[in-house]
Amino acid sequence: MSDKPEVTSATTPQTTDTPDVALNARRLLAWVLAAITGGALTVVTFLATNIPLDSTLLISFVEVPFLPLAGLPMVLLCFIWIDYFLGTRILPD
């Protein structure tokens with residue numbers, strides 16, 4: 001026999017079976033905070049780069065407002081970080 005210790009696999013942490021009652025409220029808060037923060041950052045970026053807030057983007061024959069097109073990725077980026085820090089686990093790990 002060897003003096004080496006026996007190799008065992010790492011155990012997975014036990015999850016509690018009690019539901020988190022505030023989880024849905026935190027998830028709603030995460031979406032609201034992401035929308036507010038992302039919208040505000042988009043407006044600040046537009047103002048810092050001298051882009052008018054009412055500017056449009058011509059896509060084929062349709063003129064689309066540029067603010068929502070630029071704001072959506074910013075909201076999603078903010079949502080990723082807010083989801084992480086609030087621990088809402090909307091996005092998988």
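Residues numbered from 1 in each chain as written. Predicted model: local features only at pLDDT ≥ 70, side-chain atom pairs only at ≥ 80, totals over all residues. Heavy atoms only, no water.

### What to know about the side chain of Ser-55
Next, step 1: Mapped onto the fold, Ser-55 is located in the loop between helix 1 (23-48) and strand 1 (56-59).
Next, step 2: Among the polar contacts listed, one links the side chain of Ser-55 to the backbone oxygen of Pro-52, at a separation of 3.1 Å.
Next, step 3: Apart from residues no more than four positions distant in its own chain, Ser-55 is found in contact with Phe-46, Pro-65 and Phe-66. (Helix = DSSP H or I, 4+ residues; strand = E, 2+ residues; numbered from the N terminus. Polar contact = N/O pair within 3.5 Å; in protein donor to acceptor, adjacent residues only side chain to side chain. Contact = heavy atoms within 4.5 Å.)

### Here we look at the pairing of strand 2 (residues 62-65)
Next, step 1: Of the pairings in the sheet, the one linking strand 1 to strand 2 comprises four bridges and is antiparallel in character. In the strand pairing of strand 2, Leu-57 is matched with Val-64.
Next, step 2: Adjacent in sequence and paired antiparallel, strand 1 and strand 2 are bridged by two residues, among which Ser-60 carries a positive phi angle near 55°. (Pairing = 2+ DSSP bridges.)

### Here we look at the nonpolar core
Next, step 1: Membership of the largest hydrophobic core is limited to six residues, which are Ala-30, Ala-34, Val-75, Cys-78, Phe-79 and Ile-82.
Next, step 2: Among the elements that make up this core, the one with the highest residue count is helix 2 (residues 66-86) (four residues). (Core = buried A, V, L, I, M, F, W, Y, C linked by side-chain atoms within 4.5 Å. Buried < 20%, exposed > 50% of the residue type's maximum accessible area, 1.4 Å probe, protein only.)

### Thoughts on the environment of Leu-72
Next, step 1: Mapped onto the fold, Leu-72 is located in helix 2.
Next, step 2: Distance in space between the C-alpha atoms of Leu-72 and Gly-39 is 8.2 Å, their sequence separation being 33 residues.

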